Amino acid sequence: MKFSTRQDAELSAESLFRAVSDFDAVARQLSRRGASVRRLDKLSQPGTGMNWVIGFDWRGRHREFTLEVTRFDAPELIEMQGRSDQFEITIRMTVVALAATRSRLIFELDLAPLGMKARLLLQTARLGKGRLDRKFAHRIAEFVNQLGPGHIA
């Protein structure tokens, strides 16, 4: 199942890319929402090879997935691959310059099931895809707004 949204910002492409690649700030945001984030790598600069274990409670059960930065092309693209017990996850964030002080974040998420139970869960979720798309777009807008308060359109 694929989700995609665009968020425009009153920031240069470089500034927006710096904000979305501030993985420590993202980890703090996730922690404030109740997730646990444990960094596995020892890299000092953002880039390919960074990885985490992220845990959260959903539908009465604790869930965990690993996430690794697989592509880091500053100031345009960050791609991450992840895996949980039921899904493979791909996250792609692309920053596009619209003008000198205006840019757009294109955020894409792809979930692929690893078994029959996950396949059935996604099939059921497809019935409410419109509502899920709106919720996804709203969450990404919140995410971007929190990274650059007062700067996002």
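Residues numbered from 1 in each chain as written. Predicted model: local features only at pLDDT ≥ 70, side-chain atom pairs only at ≥ 80, totals over all residues. Heavy atoms only, no water.

### Topic: the environment of D22
Then comes step 1: Within the secondary structure, D22 is located in the loop between α1 (13–20) and α2 (23–32).
Then comes step 2: You can call D22 partly exposed: its relative accessible area is 32%.
Then comes step 3: Taking the C-alpha atoms as reference points, D22 and Q45, 23 residues apart in sequence, are found 9.8 Å from one another. (Helix = DSSP H or I, 4+ residues; strand = E, 2+ residues; numbered from the N terminus. Buried < 20%, exposed > 50% of the residue type's maximum accessible area, 1.4 Å probe, protein only.)

### Thoughts on the confidence of the model for the protein chain
Then comes step 1: Across the protein chain, the average pLDDT comes to 91, with 95% of residues at or above 70.
Then comes step 2: This stretch, residues 149–153, has a pLDDT under 50; its non-local contacts, to residues over four places away or in other chains, come to 14 contacts. (pLDDT = per-residue confidence, 0-100. Contact = heavy atoms within 4.5 Å.)

### Some remarks on the sheet that holds strand β7 (residues 102–113)
Across a sheet, strands are paired by hydrogen bonds formed along the backbone, either parallel or antiparallel in direction.
Then comes step 1: Taken in spatial order, the seven strands of this open sheet run β1-β7-β6-β5-β4-β3-β2, and their pairing is antiparallel. The open sheet has two free edges, formed respectively by β1 (2–9) and β2 (36–39), since each of these has just one partner strand. Across this sheet, the average inter-strand angle for adjacent strands is 20°, counted without regard to direction.
Then comes step 2: Sheet topology places β1 next to β7; eight bridges connect them, and they run antiparallel. For Q7, the partnering residue across the bridge sits in β7 and is L105.
Then comes step 3: Docked against the sheet, α1 engages β1, β4 (61–73), β5 (77–84), β6 (87–99) and β7, running at close to 155° with respect to β6.
Then comes step 4: Helix-sheet contacts for helix α3 (residues 116–126) involve β3 (51–58), β4, β6 and β7, and the interaxial angle to β7 is about 130°. (Pairing = 2+ DSSP bridges. Axes fitted to C-alpha atoms, helices over the stretch in contact; angles between N-to-C directions.)

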